[in-house]
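Reading the structure
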Amino acid sequence: MNFEHQIPDLHKSVFRVISKTASSLDQPVYVVGGYVRDYYLDRLKEEPDIDFVTLGSGIKLAEQLQKNIPDSHLSVFKQFGTAQVKTGALELEFVGARKESYRRNSRKPLVEDGTLEDDQLRRDFTINALSWSLNEGSFGVLNDPFGGLADLKAKLIRTPVDPEQTFDDDPLRMMRAIRFASQLQFEIEEKTFKAIQKMAPRLEIISKERIIDELNKIVLSPKPSVGFALLFSSGLLKEFFHEMHNLHGVKEKNGHRHKDNFWHTLQVLDNVAEVSDDLWLRWAAIMHDIAKPPTQKFDREAGWTFHGHDALGAKWTKSIFRRLGLPLDERMHYVRKLVRLHLRPIALVSDIVSDSAVRRLIFDAGDDIDDLMTLCRADITSKNESKVKRYMENFNKVEEKIEEVEKKDRLRKWKNPLSGEEIMNALDLEPCKTVGDIKDAVKEAILNGDIPNDHDAAFDFMMKNKEEFLN
Ligand code: CTP
C-alpha cells in the first residue's frame, strides 16, 4: 500500500531529500511529534518546526543533509546530541533515537542509544508519539504503537506508559498535559489526571522559564478558563501562582455572599479572549482582581467590600511578574496600569458624569484607553441578565462620552502645550521649581476644563496668573 498521501505536498520534496540522505548513511529516519499530530488535527503551520528521529547519530545526518540542500544552515548542539538544519522558513530538528532514564531531582537525563520504539516510549503523550517512516519501501507509513490516532479522534490526552513514570521523567509534562487540553480542547484521561494531582509538588524542580512558556500557551488558548480550571483542580496552580489560587472561595455573613473571585476572573479572561488575542490584555484580565482577598471586609451596610484592591493589585504586579519570569518592561507597565485603572470606567457609569472625570481618565490611560474599556466591559459578569444589560447600556454611554471628549481635547497623547524653555523666557526665570509648578497648573486647568487644550490658551492662562506663580 502507498501511504505517501500522509506527507503534505508542501513539504514532500524536503522529506524526499532527508530520506535519500538517511539512506545513503544507512540510518533509518522518521518524522515525529507535533508535526505528525498537527497533520491529523488539520492544524499544520505553514512554517513548522519539524522533529526527526534517526537510528544513529542525528548530528551526522544533519551535517550530511546540510550539504545536500543548497542555502541551508546548520546548528549543532553537541551537549544534547541534536542538530538543526534551517532551509527557508523550515526548521528541521534531528536527534538519534534514545532510551533515556532520568535522575531524580534533575532534568538532565542519562542518554543511551535506543530503537524507534524506545524513543516513542519516552515521549510525553500518545498523541505526540506518532511517527511516519521516511525510509524507502515504507515512505509515509504511520507508526502508532500506543493508539495515538485513536486518542486524537477521542480528543484524549494520555501518557504512553504509566503516567507517574512519564511525569517523573519530566514534571513539566504535567503543565503540558493541561496546555494541550486547553489549546486543543481535549480531555485528560482519568489516570493521567490523577497522577498530576498526586505529583503536582514535583513541579518544584522545573525552571520558571519552562513553566511560563506553557502557562502563556494556556493564556493564549481559545478558552483559557479550560486550562486554568485544570491547573486549579490538579493542584498545579498553587505551586507557582498562589495569589491566583487564593482568589477561590466564598465567605458568607448575615446572609451576604460575594462572587467567587477565581471563577469570576476566569470568566473575565474568557470574555477578553473572545475579542482579543493579545497576551498582555489577557494577563491584565488575570491580574485585575488579584488583590481582592487581602482587601476583603464586611460592612453592615455595603456588604462585602474590596476597597483598594485595584491599587494593591497594581503594586503586586511587578513582583508577581518577576517571580513568574514574565517581562518587567513596558509590557508589565501596561498590565499594571490596566489593573490600577480597572474600576475607573465603571465609576463613570452615572448620568451626571462630568467631562473633567472623563478627561482625567483619558489622560491617565493614554493610548491604552481602548484596551481598558475592553477589560472593563469583560468585567461585567453577573448571572442576572437584566443587570448585565443595564450595565452594558450605561457603559455604551461612557464610551460615547469618551469619544466625544477625546475628539474635542485630544488627550490621548497629551503633551504640555508650554515647554519649560518658553515659560522661562516669558517670565524671565532661571531653571527652578516654579517652572514645574506652572506646568502642573496648566495641566490641571486643561483637565478641569477651565481652558482648552491648546498653546495660546495655555500661554494666556500663564500670563494672567503670573503674579500668583511668581510670589
Ligand atoms: N516532548 C516530550 N516531553 C517534553 C517536551 C517534548 O516528550 N517535556 C516531545 C513530544 O513528543 C513533542 C516533541 O517532543 O511532540 C516536540 O516538543 P515541542 O516542540 O516542545 O512541542 P510540540 O509537541 O511540537 O508542540 P508545539 O509545537 O505545540 O509546542
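Small disclaimer: the values here were computed from a predicted structure and weren't measured. (Residues numbered from 1 in each chain as written. Predicted model: local features only at pLDDT ≥ 70, side-chain atom pairs only at ≥ 80, totals over all residues. Heavy atoms only, no water.)

1. Digging into helix α1 (residues 9-24)
Inclusion rule: Think of it this way: any DSSP run of H or I at least four residues long counts as a helix, any run of E at least two long counts as a strand, and we number them from the N terminus. In a helix, the anticipated span is given by 1.5 Å times the number of residues less one. Only protein chains enter the accessibility calculation, which uses a 1.4 Å probe; a residue is then buried when its area is under 20% of its type maximum, exposed when over 50%, and partly exposed in between.
For α1, spanning 16 residues, the distance from its first C-alpha to its last is 23 Å, which sits close to the expected 22 Å at 1.5 Å a residue. All of the buried residues in α1 are H11, V14, F15, I18, S19, T21 and A22. One or two positions beyond α1, positive phi appears at D26, with a value near 60°.

2. A closer look at the site of the ligand
To keep it simple, the criterion reads: In this text, near means that some heavy atom of the residue lies within 4 Å of the molecule or strand in question. Under the rule applied, a polar contact is a pair of N or O atoms within 3.5 Å (in protein, one hydrogen donor and one hydrogen acceptor; residues adjacent in sequence only if both atoms are side-chain atoms). Under the convention adopted here, Pro, Cys and the residues Ala, Val, Leu, Ile, Met, Phe, Trp and Tyr are nonpolar, Asp, Glu, Lys and Arg are charged, and Gly plus all remaining residues are polar. Where each domain starts and ends follows an automatic or database-derived domain assignment.
Neighbouring the ligand are 14 residues, the closest being R37, R123, D124, D170 and R173. Between the ligand and the protein, one listed contact pairs an oxygen atom with a side-chain N or O atom of K217 at 3.2 Å. Elements that contribute at least two residues to the shell around the ligand include exactly α2 (34-40) and α7 (172-184). In terms of residue class, the shell around the ligand is built from 1 nonpolar, 3 polar and 10 charged. Lining the shell around the ligand are residues from two domains, each supplying at least three of them: domain 1 (9-152) and domain 2 (155-240).

3. As for the packing of helix α8 (residues 190-199) against helix α10 (residues 224-234)
So the rule is basically this: Orientation is described by axes fitted as lines to C-alpha atoms, over the contacting stretch for helices, and by angles from 0 to 180 degrees between their N-to-C directions. Roughly parallel means an angle under 35 degrees; roughly antiparallel, over 145; roughly perpendicular, 65 to 115; everything else is oblique. Whether two residues are in contact is decided by their heavy atoms, any of which lying within 4.5 Å being enough.
In the contact formed by α8 and α10, the axes pass within 8 Å of each other and the chain directions differ by 60°. On the basis of the axis angle, α8 is oblique to α10. Of α10, the residues touching α8 (which contributes F193, I196 and Q197) are L230, S233 and S234. Among the residues forming the contact of α8 with α10, the class breakdown is 3 nonpolar, 3 polar and no charged.

4. Considerations on the domain arrangement of the protein
For the protein, the assigned domains read domain 1 (9-152), domain 2 (155-240) and domain 3 (420-470). Computed from C-alpha atoms alone, the centre-to-centre distance between domain 1 and domain 3 is 68 Å.

5. Here's the deal with the packing of aromatic side chains
Here is the rule we go by: Ring geometry is summarised as follows: Phe, Tyr and Trp rings, the Trp one being its six-membered ring, pair when their centres sit within 6.5 Å, and such pairs are stacked at plane angles under 30 degrees, edge-to-face over 60 and tilted between the two. As a reminder, the over-ring test applies to NZ of lysine and CZ of arginine, requiring each to be within 6 Å of the ring centre and within 35 degrees of the ring normal.
Tallied over the full model, the rule gives 17 aromatic pairs. Arranged with centres 6.1 Å apart and planes meeting at 80°, the rings of F125 and F180 form a pair that is edge-to-face. Pair noted here: F125 is in the loop between α4 (116-121) and β8 (131-133) and F180 is in helix α7, with a separation of 55 residues, a long-range link. Judged by its relative accessible area of 0%, F125 falls in the buried class. Overall, F180 belongs to the buried group, its relative accessible area being 1%. The rings of F15, Y35, Y39, Y40, F52, F94 and W132 are connected pair by pair, giving a single aromatic cluster. Positioned above the aromatic ring of F180 is the side chain of R179, whose terminal nitrogen or guanidinium carbon lies 4.2 Å from the ring centre.

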